[in-house]
Amino acid sequence: MKILSAPQTREADAQTISEEKIASEELMERAARAFVGWFENKFTPECPVCIFSGPGNNGGDGLAVARLLHQRLFDVQLYLVNDGGQTSPDFQLNLERLPHEVPPHDITSKDHLLAIPDKACVIDALFGTGLSRPVTGLYADVINWLNEYSPCTVAIDIPSGLYTDKQTPAEGAIVQAHHTVSFELPKLAFFLPQHEQYVGEWHTVPIGLSPAYLAEAKSNFQYVTQKEMQGLLKPRTKFSHKGTYGHALLLCGGYGKMGAAVLAARACLRGGVGLLTVQTPAIGYDVLQTAVPEAMLIPDNNRKHLSRLLESMEKYDAIGIGPGIGTERLTKTLLGQLLATTDLPLVIDADAINLIASSEKLKAQLPKGKVIFTPHPKEFERLVCKSNNEYERLEELREFCRVYQCYMVLKGSHSAIATPEGDIYFNTTGNAGMATGGTGDVLTGILTALVAQGYTLKEACLLGVYLHGLAGDLAKGTVGEIALIASDVIQHLPQAFQQLRRS
Ligand SMILES: NC(=O)C1=CN([C@@H]2O[C@H](COP(=O)(O)OP(=O)(O)OC[C@H]3O[C@@H](n4cnc5c(N)ncnc54)[C@H](O)[C@@H]3O)[C@@H](O)[C@H]2O)[C@H](O)CC1
Ligand SMILES: [K+]
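Treat the numbers as computed from the prediction; the structure is a model and nothing was measured.

A.B. asks: Would you mind showing me how to read the overall build of the protein here?
C.D. replies: The helix and strand tally for the protein stands at 19 helices and 17 strands. For 503 residues, the compact-globule estimate of 2.2 N^0.38 gives 23 Å, and the C-alpha radius of gyration of the protein, at 26 Å, lies within 12% of that figure. Overall size of the protein, expressed as C-alpha extent along the three principal axes, is 85 × 45 × 45 Å. Sorting the 503 residues of the protein into buried and exposed places 50% on the buried side.

Structural data, given as structure tokens:
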């Protein structure tokens, strides 16, 4: 699903109004009703509501919400914050529609701010997508005060002060919302970890924006939905056999790091691969054969580290390399030989990324259109570069994938999947419990399995990352976030496949 920029949101708005031949105030009413529908599911009328409206249409939404919540028996206090600027026509209209039981209180100085009741919910309707400069002055005073004293803040459309699709200048104040209820689609800003403290939990509510506009709009940013992922999942056919689902080769493990190999191998098998061969240092022989009996094992000549590339790779369909391999010189040589000789698709993770990061020669050997990298932010920094903020990092990510014609999964709370064409997809499954050792090895196993089964590299990235997160979410349901370990993710993969198939 596309993510729109702030100007595109305005265009979508305008096209909807013209196609449906409605007045803009009607779209605002729809938006307010959609917000109130969400709000009523979350809060009861026992909860006092304080609404802070700014001068534009986001403020107008706040006024309409005040009226609708009052009709639904909520106790509403309404504050109009204005430093002397113009108000929008739809703001004016909704001001006139307010019932007399909801008198607006003007806030034109911070001295006008009144204490917020302990159990109140604050609705932030100061600014939305029309924010045109960093928030300072009176508005910043109000935002800073809300951030300090509001027990619970729900932002309408976007936390006020946060830019929709670019870096917010450091001097701008930003609301720290607990919930953000965005109209129709999430904003790009919601997917960046640097904004977690502002966005809180985000939700979307449909307001019927023009489907034609949404279909035609060009955007390099998308987010992954369950429906799209369900469409990617291939069914198994009755007359299939293990050969139908590919043969994966995993190069992983090292002295003291055999766990990484076990996790990757188990995840690869649970990812649906037909056959799996694992090459590990000799020391891993007993470990792998005992822990993962379904996998075939080729021990390396070297006891502790991978050192020798297999002579023939013909029977394999995909190779995963990296978990637990270390950065020994011999292993680096093996990786160089692999990059230079193979025409198989490669999933490159962990120390294999670090090895490539340390060598321009290895980077130059990367086969075009054949590689998926799966770095976490530190590995990304080594492989690509450091960035000043997460927007800059997204640009660096796109550029790297374009130059090297590769795919990359930048792991994080909304993992970003970049393609050689310059598109970035944000994943929507997963949870903080997955921030634990070994979950990356699990992802490598899943991706390798999907590529071996014939999914394109892009499909494998999207589906694999989605399923990995979904399995993590299901695991959270049984063990919670704190105690969750990588093996729990593997254990819940079967359920994740089943849930996606059924959904
Ligand atoms: N399609 C939709 O999603 C719908 C969105 N709606 C809501 O409308 C806002 C966007 O409204 P807009 O009037 O364009 O912008 P804002 O309310 O965000 O603010 C504009 C207002 O504020 C002034 N301003 C901008 N930046 C600053 C600043 N830093 N300091 C002070 N003043 C500032 C600017 O000059 C204007 O006067 C969207 O988010 C939704 O909430 C509609 O309800 C319909 C559907
Ligand atoms: K807002």
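Right, picking up where we left off after that structure.
A.B. asks: Looking at this model, I keep getting lost on the site of ligand 1. Mind explaining?
C.D. replies: Taken together, 30 residues form the shell around ligand 1, and within it Gly56, Asn57, Asn58, Gly128 and Gly130 come nearest. Those elements giving two or more residues to the shell around ligand 1 turn out to be helix 1 (6–20), helix 2 (24–42) and helix 3 (57–71). With four residues, helix 3 is the largest single contributor of residues to the shell around ligand 1. For the shell around ligand 1, a count of residues per class yields 13 nonpolar, 13 polar and four charged.

A.B. asks: Just to check I follow, could you spell out the sheet that holds strand 14 (residues 371–373) for this structure?
C.D. replies: Hydrogen bonds between backbone atoms are what pair the strands of a sheet, whose relative direction is either parallel or antiparallel. The 10 strands lie next to each other as 8-17-16-15-14-13-12-9-10-11, forming an open sheet whose pairing is mixed. If you trace the sheet from one side to the other, it starts and ends with strand 8 (221–223) and strand 11 (296–299), each paired once. Averaged over neighbouring strand pairs, the angle between their axes works out to 20 degrees when direction is ignored. Across two bridges, strand 14 lies against strand 15 (residues 407–410) in parallel orientation. Residue pairing across strands places Phe373 opposite Met408, the latter belonging to strand 15. Of the strands in this sheet, strand 9 (247–251), strand 10 (275–280) and strand 12 (318–321) touch helix 9 (residues 258–270), which is tilted by about 170 degrees from strand 10.

A.B. asks: Looking at this structure, how should I read the UniProt feature "binding site: AMP" (unreviewed entry) in the protein?
C.D. replies: Mapped onto this numbering, the UniProt entry gives "binding site: AMP" (unreviewed entry) at Lys411, Gly412, Ser413, His414, Ser415 and Gly440. These residues run over 30 residues, yet every pair of their C-alpha atoms falls within 14.0 Å of each other. Looking at the element boundaries, His414 is found in the loop between strand 15 and strand 16 (416–418). Accessibility expressed as a C-beta count within 10 Å gives 21 for His414, which makes it buried. In this structure His414 touches Phe191, Phe426, Asn427 and Thr428, once residues within four positions along its chain are discounted. When you line up the elements, Ser415 lands in the loop between strand 15 and strand 16. For Ser415, a count of 25 C-beta atoms within 10 Å gives the class buried. Ignoring sequence-local partners within four residues, the contact set of Ser415 consists of Val409, Leu410, Asn427 and Val465.

A.B. asks: For this particular structure, what's the right way to read the environment of Leu275?
C.D. replies: Structurally, Leu275 is set in strand 10. Considering only alpha carbons, one finds Leu275 and His247, 28 residues apart in sequence, at a separation of 4.5 Å. Those residues in contact with Leu275 that lie beyond four places of it in its chain are Lys242 and His247.

A.B. asks: How should the pairing of strand 4 (residues 121–125) be read in this particular structure?
C.D. replies: Every regular strand shows the same layout, with side chains that alternate between the two sheet faces. Extensive coverage of strand 4 is indicated by the burial of five of its five residues. Here strand 4 shows a buried face lined by Cys121, Ile123 and Ala125 and a second buried face lined by Val122 and Asp124. When strand 1 (residues 49–53) meets strand 4, the two strands line up parallel, connected through five bridges. Residue pairing for strand 4: Val49 is matched across the bridge by Cys121. Bridge count for strand 4 against strand 5 (residues 153–156) is three bridges, and the pairing is parallel. Its bridge partner being in strand 5, Asp124 is matched across the sheet by Ala155. The β-α-β motif built from strand 4, the intervening helix 5 (residues 137–149) and the parallel element strand 5 has right-handed crossover chirality.

A.B. asks: What should I look at first to understand the domain arrangement of the protein in this one?
C.D. replies: Quite often, the size of an interface is put as the accessible area lost when its parts meet. Here the protein is partitioned into domain 1 (6–219) and domain 2 (226–502). Relative to domain 2, the C-alpha centre of domain 1 lies at a distance of 41 Å. Taken together, the contact pairs six residues of domain 1 with seven residues of domain 2. In terms of residue class, the side of domain 1 that touches domain 2 is built from three nonpolar, two polar and one charged.

A.B. asks: I keep staring at helix 1 and nothing clicks. Help me out?
C.D. replies: Because an α-helix completes one turn every 3.6 residues, residues spaced three or four positions apart along the sequence face the same direction. Between its first and last C-alpha, helix 1 extends 21 Å over 15 residues, near the 21 Å set by a 1.5 Å rise per residue. Every buried residue belonging to helix 1 is among Gln8, Thr9, Ala12, Asp13 and Thr16, and all of these are buried. All buried residues of helix 1 project into a common sector of 145 degrees when viewed along the axis, lining one side. Residues of helix 1 that are exposed and point over 90 degrees away from its buried face: Pro7 and Ser18. If you follow the buried residues of helix 1, they end up packed against helix 2 and helix 7 (211–216). Following helix 1 by one or two positions, Lys21 has its phi on the positive side, about 50 degrees.

Cut-off values and rules
Residues numbered from 1 in each chain as written. Chains lettered and ligands numbered in written order. Predicted model: local features only at pLDDT ≥ 70, side-chain atom pairs only at ≥ 80, totals over all residues. Helix = DSSP H or I, 4+ residues; strand = E, 2+ residues; numbered from the N terminus. Rg over C-alpha atoms; globule rule 2.2 N^0.38 Å. Buried ≥ 20, exposed ≤ 12 C-beta atoms within 10 Å, placed from the backbone. Near = placed C-beta within 6 Å. Nonpolar A, V, L, I, M, F, W, Y, C, P; charged D, E, K, R; others polar. Pairing = 2+ DSSP bridges. Axes fitted to C-alpha atoms, helices over the stretch in contact; angles between N-to-C directions. Contact = placed C-beta atoms within 7 Å. UniProt positions renumbered as here; feature names shortened; annotations may be inferred. Right-handed = clockwise from strand over helix to strand, strands pointing away. Domains from an automatic or database assignment. Expected span 1.5 Å × (residues − 1). Arc of directions from axis to C-beta.

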